[in-house]
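Here are the chains, one letter per residue:
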Amino acid sequence: MKATVHLSFLEYEVTFSRPAFKHVGSFASIIEPIHDALGLELAVPPDAIKIEIGNSIATSSVNGLLYVGRGFFDFEARLDGYRARFRDLWSMADVDRARRCIKLFESAVTGFVTDGIPESWKLTMPSWWILDGGDDAAEDLVRKLTWRHGSNDPFGIGATGTRSRVGFECSGPDSHWIVSIALEKSASSDTNLFLEVSGKHIPGSLFDSFDKKADHLFDVSRTIGDRLGLIMER
């Protein structure tokens, strides 16, 4: 069955086990390298990157919001980590650009990390799909996965079937990564199927760069499509 990606997001978050930035007294100086790095791909207005002043050093951050085509890119750097989110990606060109921008942002931010290794990395890729068979095909896929998941009554309430979200959690052989997979009928009237694949990595994972993590999750998405009998297109 033909399946076309209608829309996707890309969200990346890195968490430190302890505050890990240099120059705490001049946190604002992170703005310049972020601005210059993203300027290689995007037009960055002067007021796009701001400092959020909290009640303490721990609650302060540098954050920004950039509109990119029909979507937007928001990001934040804190003392305990950083995150970057691209919303409303409509094509593979959008996805490729999002990956480049997230790498540039990460490179700029990690220049201020003074010591230690991040505690975890999490990359999440939600996507909305249009199926040739429409909503009926989506419901059928979810129903089949529910049966495969082990029970039509996962909560033990006497139900004879379920059509709710189906979730799977898979760990790597080295226990340094966990991939979570969720599949459900789309709530959007424009699409039929919702798929979210997220990967959490800890130090020691062979997927030791943003590109390797992203490639791994895209491979997982393709494998899921193959197992479901979907011919996945953009």
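In the block above lies the structure referred to throughout.
Residues numbered from 1 in each chain as written. Predicted model: local features only at pLDDT ≥ 70, side-chain atom pairs only at ≥ 80, totals over all residues. Heavy atoms only, no water.

A. Spatial organisation of the nonpolar core. Core analysis: the largest hydrophobic core is formed by 62 residues, its most contacted members being Ile34 and Phe73. Looking at this core element by element, the count peaks at seven residues for helix α2 (residues 92–110). Beyond its immediate chain neighbours, meaning those up to four positions away, isoleucine 34 contacts Ile49, Val62, Phe75, Phe105, Ala108 and Val109. (Core = buried A, V, L, I, M, F, W, Y, C linked by side-chain atoms within 4.5 Å. Buried < 20%, exposed > 50% of the residue type's maximum accessible area, 1.4 Å probe, protein only. Helix = DSSP H or I, 4+ residues; strand = E, 2+ residues; numbered from the N terminus. Contact = heavy atoms within 4.5 Å.)

B. The arrangement of the packing of aromatic side chains in detail. The full count for this structure, using the stated rule, is ten aromatic pairs. Ring centres of tyrosine 12 and phenylalanine 210 lie 4.8 Å apart, and the angle between their planes is 70 degrees; on these two criteria the pair is classed as edge-to-face. Remark: phenylalanine 210 occurs in helix α4 (residues 210–227) and tyrosine 12 occurs in strand β1 (residues 2–16); sequence separation between them is 198 residues. Here phenylalanine 210 falls in the buried class, since its relative accessible area comes to 3%. Between phenylalanine 73 and phenylalanine 86 the ring centres are 4.2 Å apart and the planes differ by 10 degrees, which places this aromatic pair in the stacked class. You can see phenylalanine 73 sitting in strand β4 (residues 71–78) and its partner phenylalanine 86 sitting in strand β5 (residues 81–89), a full 13 residues away along the chain. Among the residues examined, phenylalanine 73 registers a relative accessible area of 0% and is labelled buried. By way of ring pairs, the aromatic residues Phe16, Phe73, Phe75, Tyr82, Phe86 and Phe105 are connected into one cluster. Geometry around tryptophan 90 places arginine 70 over its ring, the cationic atom sitting 4.1 Å from the centre. (Phe/Tyr/Trp six-rings, centres within 6.5 Å; stacked < 30°, edge-to-face > 60°. Lys NZ or Arg CZ within 6 Å of the ring centre and 35° of its normal.)

C. Up close: the pattern of salt bridges. Under the counting rule described, the total for this entry stands at 16 salt bridges. Here glutamate 41 ties to arginine 97 by a salt bridge, and the two come within 3.7 Å at their closest N and O atoms. Of this pair, glutamate 41 sits in the loop between α1 (31–38) and β2 (49–52) while arginine 97 sits in helix α2; the two residues are 56 residues apart in sequence, bridging distant segments of the chain. For glutamate 41, a relative accessible area of 21% corresponds to the partly exposed category. The exposure class assigned to arginine 97 is partly exposed, which follows from its relative accessible area of 30%. In this structure, glutamate 41 and arginine 100 form a salt bridge, with 2.6 Å as the shortest nitrogen-oxygen distance. Of the two residues, glutamate 41 sits in the loop between α1 and β2 while arginine 100 sits in helix α2, which places them 59 residues apart along the sequence. (Salt bridge = Lys/Arg side-chain N within 4 Å of Asp/Glu carboxyl O.)

D. Structural context of the environment of serine 171. In this structure, serine 171 sits in strand β7 (residues 166–171). Excluding residues within four positions of it along the chain, serine 171 makes contact with Trp177 and Ile178.

E. Examining α1 more closely. Every buried residue of α1 is accounted for by Ile34, Ala37 and Leu38. Down the axis of α1, the buried side of the element spans an arc of 90 degrees, and every buried residue falls inside it. Close packing links the buried residues of α1 with β2, β3 (61–68), β4 and α2. (Arc of directions from axis to C-beta.)

F. Summary view of empty space enclosed by the protein. Taken as a whole and assessed by the stated rule, the structure comprises one cavity of 30 Å³ or more. Looking at the largest cavity, its volume works out to about 40 Å³. Taken together, Trp129, Leu183, Leu193, Leu195, Ser221, Ile224, Gly225, Leu228, Leu230 and Met232 make up the full set of residues lining the largest cavity. Top element by residues in the lining of the largest cavity is α4. It accounts for three residues. Across the lining of the largest cavity, the residue classes break down as eight nonpolar, two polar and no charged. (1 Å grid on protein atoms, 1.4 Å probe; cavity = no way out; pocket = protein on both sides within 12 Å on 5 of 7 lines; lining within 4 Å. Points joined across faces, edges and corners; volume = space filled by probe spheres on them. Nonpolar A, V, L, I, M, F, W, Y, C, P; charged D, E, K, R; others polar.)

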